[in-house]
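These are the residues of each chain, in order.
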Amino acid sequence: MSKEHYHIHKLTGKIQTPKLLRKGNQASEFTFLAFEEDMETLGFPKKLQEGWQDKAVGVFKELLDNNKALKTYMDICVRCGACTDKCQFFLGSGDINNTPVGRAELMRKVYRYYFTPFSSKGEPFSEHVLKQWMSYFYQCSECRRCSYFCPYGIDTAEITMAAREIMDSIGVGEKYATNTITQVYRTGNNIGIDANALKNTIAEFEEDLKDETGKDIKIPIDEEGAEVLLVPPSADFFAIRILSQCLVMRRYFTKQVLVIHYHLMHLRLQTLVCL
Ligand code: SF4
Ligand code: SF4
């Protein structure tokens with residue numbers, strides 16, 4: 001057995017907080033808006049419409065009514081600050097709005113205005129508020145690290161998800177995520193490979209497999225009765241990894257039958273690899 005070569009760092013007992021990359025470097029960050037056609041495909045308004053504030057308040061209310069955790073998170077933060085330096089986005093930017101409590105406050109101030117008796121301490125929906133939401137709720141990766149350190153278990157990721165849902169409902173979506181999900185709607189996979197592209201890719205695999213093994217290995221499409229399903233990530237169809245997977249799988253199956261299963265929105269493809 002070969003000896004592993006890797007270095008294990010010793011624990012020193014000291015927690016090292018990284019230095020700020022550049023203070024305020026994310027303050028003016030504004031997320032790219034989704035394509036209008038993508039928003040439409042997903043059933044959202046194409047863009048911000050007249051009267052969006054009322055719609056946003058309505059969706060916010062629905063979320064509060066149906067998600068008791070969200071309502072609780074809006075009410076119970078005591079501003080203790082235990083979460084502030086636990087968010088990597090704050091550590092990297094030094095921006096107070098990137099602390100978990102600061103990020104949630106962007107939503108809490110709107111919550112206070114519309115849904116509590118303390119509206120004077122809140123702020124209504126406005127373009128300024130929306131800009132802040134769009135910027136800072138897309139600088140949260142929903143990693144939930146902060147929730148481990150909050151004595152009340154407030155999960156800022158839930159707050160981020162609710163904010164994004166409200167924004168989508170009024171026609172303000174984020175370009176990358178919206179486009180990725182649109183590809184899934186259109187083609188059944190997140191990178192938008194269509195059926196012909198997939199068939200071409202598989203034909204190339206056949207050639208590569210022949211180069212690797214010297215055998216004429218066929219990968220028929222839509223083969224019924226295959227014995228093994230391999231469900232690779234769609235991105236693997238563009239990578240050499242899928243070929244390695246085929247070769248590794250060959251070692252494990254005595255009948256030497258391998259299926260690559262691929263589900264497209266309108267077309268169900270099953271490929272059978274006989275090795
Ligand atoms: S869930 Fe969001 S706010 Fe909390 S630590 Fe992760 S990125 Fe930061
Ligand atoms: S740790 Fe929890 S209670 Fe304290 S400020 Fe952060 S979210 Fe609020």
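Small disclaimer: the values here were computed from a predicted structure and weren't measured. (Residues numbered from 1 in each chain as written. Chains lettered and ligands numbered in written order. Predicted model: local features only at pLDDT ≥ 70, side-chain atom pairs only at ≥ 80, totals over all residues.)

Novice: Sorry if this is basic, but what is going on with the overall build of the protein chain here?
Specialist: Looking only at helices and strands, one finds eleven helices and two strands in the protein chain. In the protein chain, the succession of helices and strands from N to C terminus is α-α-α-α-α-α-α-α-α-α-α-β-β. Each of the 275 residues in the protein chain was classed as buried or not, and the buried ones make up 25%. Partitioning the intrachain contacts of the protein chain with sequence separation of at least 6 by distance along the chain shows that 67% fall at a separation of at least 24. (Helix = DSSP H or I, 4+ residues; strand = E, 2+ residues; numbered from the N terminus. Buried ≥ 20, exposed ≤ 12 C-beta atoms within 10 Å, placed from the backbone. Contact = placed C-beta atoms within 7 Å.)

Novice: Sorry if this is basic, but what is going on with the site of ligand 2 here?
Specialist: If you check the shell around ligand 2, you find C77, V78, R79, C80, G81, A82, C83, P100, V101, C150, Y152 and I154 and nothing else. Here the residues of the shell around ligand 2 sort into ten nonpolar, one polar and one charged. (Near = placed C-beta within 6 Å. Nonpolar A, V, L, I, M, F, W, Y, C, P; charged D, E, K, R; others polar.)

Novice: What exactly am I supposed to notice about unusual backbone geometry here?
Specialist: Positioned with a positive phi, E142 is a non-glycine residue whose angle comes to about 60°. Within the secondary structure, E142 sits in the loop between α6 (127-136) and α7 (145-149). Classification of E142 by C-beta neighbours within 10 Å gives partly exposed; the count is 14.

Novice: Quick question: what am I supposed to make of the confidence of the model for the protein chain here?
Specialist: Caution applies to low-pLDDT regions: their predicted coordinates should not be interpreted in detail. Mean pLDDT over the protein chain: 82, with 75% of residues reaching 70 or higher. Between residues 254-275, whose pLDDT stays under 50, and residues either more than four places distant or in other chains, the model counts 70 contacts. (pLDDT = per-residue confidence, 0-100.)

Novice: What should I look at first to understand the site of ligand 1 in this one?
Specialist: Near ligand 1 there are 15 residues, and of these C87, P100, C140, C143 and C146 occur at the shortest range. Those elements giving two or more residues to the shell around ligand 1 turn out to be α5 (100-115), α7 and α8 (156-169). No other element matches α8, which puts three residues into the shell around ligand 1. When the residues that make up the shell around ligand 1 are grouped by side-chain class, the tally is seven nonpolar, three polar and five charged.

Novice: Would you mind showing me how to read helix α3 (residues 68-76) here?
Specialist: Quick reminder: α-helices carry 3.6 residues per turn. Residues three or four places apart thus point the same way. Those residues of α3 lying buried are L70, Y73 and M74. Seen end-on, α3 carries its buried residues on one side only, within an arc spanning 100°. In α3, the exposed residues that point more than 90 degrees away from the buried face are K68, D75 and I76. Those residues of α3 hidden inside the fold are in contact with α2 (52-66), α5 and α8. (Arc of directions from axis to C-beta.)

Novice: Any chance you could explain the packing of α2 against α8 here in plain terms?
Specialist: The angle between the axes and the distance between the axes are what describe a pair of packed helices. Between α2 and α8, the least distance of the axes is 9 Å, while the angle of their chain directions is 140°. Of the two possible hands of crossing, α2 and α8 adopt the one that is right-handed. Packed against α2, whose contacting residues are K55, A56, V59, F60 and L63, the element α8 presents A162, E165, I166 and S169 at the interface. A class-by-class count of the residues in the contact of α2 with α8 yields six nonpolar, one polar and two charged. (Axes fitted to C-alpha atoms, helices over the stretch in contact; angles between N-to-C directions. Left-handed = near helix turned anticlockwise from the far one by under 90°.)

Novice: Which parts of the structure should I look at to understand the nonpolar core?
Specialist: Grouped together as the largest cluster of nonpolar side chains are 30 residues, with contacts concentrated most on F137, I159, A163, I166 and M167. Elements represented by at least two residues in this core include exactly α2, α3, α5, α6 and α8. Look past the residues within four positions of I166 in its chain and what remains in contact with it is A56, V59 and F60. (Core = buried A, V, L, I, M, F, W, Y, C linked by C-beta atoms within 7 Å.)

Novice: Help me understand the environment of P233, please; the structure alone is not making it clear to me.
Specialist: Examined against the element boundaries, P233 turns out to sit in the loop between α10 (195-213) and α11 (241-252). Exposure remark for P233: the 12 C-beta atoms within 10 Å place this residue in the exposed category. Sequence separation between P233 and N189 is 44 residues; the distance between their C-alpha atoms is 8.8 Å.

Novice: How should I be thinking about the environment of F90 in this particular structure?
Specialist: Secondary-structure assignment places F90 in helix α4 (residues 88-93). Spatially, the C-alpha atom of F90 lies 8.3 Å from that of P100, the residues being ten residues apart in sequence. When sequence neighbours within four positions are dropped, the list of residues in contact with F90 reads T84, D85, D95, N98 and T99.

Novice: Explain the packing of α5 against α6 here, please?
Specialist: The N-to-C vectors of α5 and α6 enclose an angle of 150°; their axes lie 10 Å apart at closest approach. On the basis of their axis angle, the class for α5 and α6 is roughly antiparallel. Along this stretch, α5 crosses α6, giving a crossing that reads as left-handed. Within the contact between the two elements, α5 uses R103, L106 and V110 and α6 uses V129, Q132, W133 and Y136. For the contact of α5 with α6, the residue count by class is five nonpolar, one polar and one charged. (Parallel < 35°, antiparallel > 145°, perpendicular 65-115°, else oblique.)

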